[in-house]
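Topology and contacts: notes
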Amino acid sequence: MPMGIFRVCLVVITAIVNHPLLFPKENGTVPENAEEIIQKMKEREESLRLEQLRLEQEIADQEATQKALEKAAEVVEESKEEKVRWDMWTALSMVIFLLIELWRQDFQEGNWQDTGGEEDDMAVLGKAFKGVAFPDKAVLASFYEKRILGTTGDMARMREMVEGFADDLLEALRSVCNRDADMEVEDCMGVGSMYENWRVRKPFVCDLIVPFAPPEPYCFRSQTWCSGDCFPPDEQGYGTIKVCRADEDVTGCICDKTKLGEDMLCLLHSKANTTRPSSEMEDLLCFKNTQYLDADQVMKWFQIAVTKAWNRISHKYEFDLSFSLLDSPGALKIKFRSGKSIAFNLTPVVQYENSDVYFISHFPRRGLAADLPSSTHWFLTFAVYERRFIQLVSKTLPANACHVSCLQILSFLHGKQCSLTGPSGLTNYHLKTVMLHLLQARPSQDWAPEKLEARLQDLLKFLEKCLHEKKLYHFFIGNGKVPAELGFPIIFQRAEPLNLFRPFVLRRDVYRKTVDTFHEMLRNMSALINEYTVHIPLAHTNGIHKDSL
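First, a word on scope: everything that follows refers to the structure included in this document. (Residues numbered from 1 in each chain as written. Predicted model: local features only at pLDDT ≥ 70, side-chain atom pairs only at ≥ 80, totals over all residues. Heavy atoms only, no water.)

All right, on to unusual backbone geometry then. A cis amide bond links Lys202 with the next residue in sequence, Pro203, at an omega value of 5°. Inspection of the secondary structure puts Pro203 in the loop between β2 (189-191) and β3 (205-213). Residue Pro217 is bonded to the preceding Glu216 through a cis peptide linkage, with omega at 10°. Non-glycine residue Asn197 carries a positive phi angle of around 65°. Position of Asn197 relative to the elements: it lies in the loop between β2 and β3. Taking the relative accessible area as the measure of exposure, Asn197 reaches 40% and is therefore partly exposed. At Asn289, a residue that is not glycine, the phi angle is positive and equals roughly 60°. Mapped onto the elements of the fold, Asn289 is located in the loop between α5 (278-283) and α6 (295-313). (Helix = DSSP H or I, 4+ residues; strand = E, 2+ residues; numbered from the N terminus. Buried < 20%, exposed > 50% of the residue type's maximum accessible area, 1.4 Å probe, protein only.)

Have a look at this one:
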């Protein structure tokens, strides 16, 4: 703009200077070509006037453009300010939403064991119970006496027979193994429903676990998902087992965590001590080129060892022994000459430190459990502590308490329904976990034998709630209320609760099938129970109802 003004001023000054009237006439005469000069001056003046108009138009255009740019800048600035305000409100809203969601999850997890602690939580039946005819006390008592109690005597005889044979088989296994090179096998332990006295459906299967340890001078060093190591969410509940020399302090020395440099040497761990041939580690049942125990290698070793042991003692028995499941290392079946058979599971496990928590190589009946991430990942089993907890709590309950009866009835109903409509994602372990939660949450007097009907309803309602929320937390992991008498490892009590229903979130088809099976079981409950119940006179049941009122 200043340049345009300067050009206008220059044209005006030039016009004034060149005007003829500004100069005096020296001789007082007019030149002959005066008219021609005047005409040229007029033309010159006209051109200058046009140039002035053009310059003024350019200046006006520049001013208009400048104003438009300034206005556009103001609009952009206002839009930026508005966008900043909008982004601020959006961010604030997201923060508030996340805080509410975190509070909701923390509140649910903080109260995950308080289900059933108050009567109001269990006072109203869920939607699945609407229109369901629930059996009364007399029908349940008759059903339990006829269908359940008749099978408990067979379990005791079978346990005694299987345990005696397993001890003999393991003793023979030790004799055929090389004590200097093979794994050392310890005594077996009975776990699961057969040893907790609540299994009802045949065929009865005893579950025995067999701890084993590496030969000297090696030892097992375990790592779990809650020990501070980095495990992704889908590997929670798993751990790894590293085979090390007993004199190798992997936790105290920093030579394997820090680069010491080429001119420095660790005096504790030289190359001769830390580097082991690949074949040696494979002999110790490790995964190829690693120090981590391989579950598949353990399965092969255990099956071969059991086969050798049976060949040594088979002449003493009048029956045959075979593996009944190819994907389970110790799923065995005894076949008598009469045609009868007895199945039991002899599963190798590794002890976690000095506790009764064990790493288990394979589950004979996995149900909803997802496949192992790799053969070096081992699932942890708390079966020994679960059995001890039931025994400990049973001492504080009234005589003939109904907690085991509730679990037996629920297990029978679910198994019967699955035989009619096909398998579902629910397993007996899920049902036992529900019972353990309520057993801890409710007072001891609530488990009196006459309250069987009410407690069975509580189990079903709690299970329905867990299915609806897709959340059933492991009883021991993250449970700070575990009795101190059990001596349970504190590291698992302080861990985050483990959701056993997490696979339902990932497998919606299995979840839909499981929910449908559960609802179908509720609708068929009376029919399933009446099928195994003797006829009870109506007057008798009415009298019971009046007494209960």
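Resuming the write-up.
Turning our attention to the pattern of salt bridges. Per the stated rule, a full pass over the model turns up 18 salt bridges. A salt bridge links Arg54 to Glu58; its shortest N-O distance comes to 2.4 Å. Highlighted residues: Arg54 and Glu58, both in helix α2 (residues 34-110), separated by four residues, approximately one helical turn. A relative accessible area of 32% means that Glu58 is categorised as partly exposed. The partner of Asp458 in a salt bridge is Arg442, and the shortest N-O contact between them spans 3.0 Å. Linking Asp458 in helix α10 (residues 452-469) with Arg442 in the loop between α9 (428-441) and α10, this pair joins segments that are 16 residues apart in sequence. Each of the two residues, Asp458 as well as Arg442, counts as buried. One continuous salt-bridge network, built from bridges that share partners, spans Arg442, Asp446, Lys451, Arg455, Asp458 and Lys461. (Salt bridge = Lys/Arg side-chain N within 4 Å of Asp/Glu carboxyl O.)

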